[in-house]
Amino acid sequence: ETTANGWKSLIHPDEAEHVLRTFENTLAGDGAEFALEYRLRRKDGHYVWVSDRARIVRDAGGAVERVVGMIVDVADRKQAEQR
């Protein structure tokens, strides 16, 4: 389990503004899905490309109850695309 602040601190500085703005806009709207690819810092300090997909769970009134998601390393695919 990762806290929101912990996750935010791991996003590459070049992408942080876009990722966080997109996520906040998803939460503020009525969207139920968040999906982006960006670089995230690993425990060893290196950045790796990830695919981040999340489902926004809302109550009957539309308020966010929780966010459930999965982050997958897609570095190999990104490297292949760049070649």
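Note that the structure is a prediction, hence the values are computed from the model and not measured.

Draft legend 1. Fine view of the overall build of the chain. Scanning the chain from terminus to terminus reveals three helices and three strands. The secondary structure elements of the chain, listed N-terminal to C-terminal, are α-α-β-β-β-α. Seen through its C-alpha atoms, the chain measures out along the principal axes to roughly 45 × 25 × 20 Å. Of all 83 residues assigned to the chain, the portion counted as buried reaches 25%. Long-range pairs, those at least 24 residues apart, make up 37% of the contacts in the chain with a sequence separation of at least 6. By element, 50% of the accessible surface of the chain is carried by carbon and sulfur atoms, the whole surface being about 5900 Å². Side-chain charges in the chain split into 13 positive and 15 negative, and the spacing between the mean points of these groups amounts to 3 Å.

Draft legend 2. Structural view of the side chain of Asp52. Structurally, Asp52 is set in strand E2 (residues 47–58). Here Asp52 sits buried without a salt bridge, and the closest side chain of opposite charge, Arg53, lies 8.2 Å off (N-O distance). At a separation of 2.5 Å, a polar atom in the side chain of Asp52 contacts the side chain of Tyr38. Sequence-distant contacts of Asp52, defined by excluding residues within four places in its chain, comprise Trp7, Phe34, Ala35, Leu36, Tyr38, Met70 and Ile71.

Draft legend 3. Seen up close, the packing of aromatic side chains. A complete count under the given rule lists two aromatic pairs for this structure. Between Trp7 and Phe23, the ring centres sit 5.2 Å apart and the planes meet at 65 degrees, which makes this aromatic pair edge-to-face. Taken as a pair, Trp7 in helix H1 (residues 4–10) and Phe23 in helix H2 (residues 13–28) lie far apart in primary sequence, 16 residues in all. No difference in accessibility class separates Trp7 from Phe23, as the two residues are buried. When the centroid spacing of 5.1 Å and the interplanar angle of 80 degrees are considered together, the rings of Phe23 and Phe34 count as edge-to-face.

Draft legend 4. Layout of the pattern of salt bridges. Applying the stated criterion across every chain, the model contains nine salt bridges. Asp14 is paired through a salt bridge with Arg39; the nearest N and O atoms lie 3.7 Å apart. Highlighted residues: Asp14 in helix H2 and Arg39 in strand E1 (residues 33–41), separated in sequence by 25 residues. The exposure class assigned to Asp14 is exposed, which follows from its relative accessible area of 62%. For the salt bridge of Arg55 with Glu33, the shortest nitrogen-to-oxygen distance reads 2.6 Å. Of this pair, Arg55 sits in strand E2 while Glu33 sits in strand E1, placing them 22 residues apart in sequence. Salt bridges here are not isolated pairs; linked through shared partners, they connect Glu37, Arg77, Lys78 and Glu81.

What counts as what
- Residues numbered from 1 in each chain as written.
- Predicted model: local features only at pLDDT ≥ 70, side-chain atom pairs only at ≥ 80, totals over all residues.
- Heavy atoms only, no water.
- Helix = DSSP H or I, 4+ residues; strand = E, 2+ residues; numbered from the N terminus.
- Buried < 20%, exposed > 50% of the residue type's maximum accessible area, 1.4 Å probe, protein only.
- Contact = heavy atoms within 4.5 Å.
- Areas by Shrake-Rupley, 256 points an atom, 1.4 Å probe, with all protein chains shown as cover.
- Lys, Arg positive; Asp, Glu negative; His and termini not counted.
- Charge placed at Lys NZ, Arg CZ, Asp CG, Glu CD.
- Salt bridge = Lys/Arg side-chain N within 4 Å of Asp/Glu carboxyl O.
- Polar contact = N/O pair within 3.5 Å; in protein donor to acceptor, adjacent residues only side chain to side chain.
- Phe/Tyr/Trp six-rings, centres within 6.5 Å; stacked < 30°, edge-to-face > 60°.

Purely geometric stuff here, so don't read any function into it on its own.
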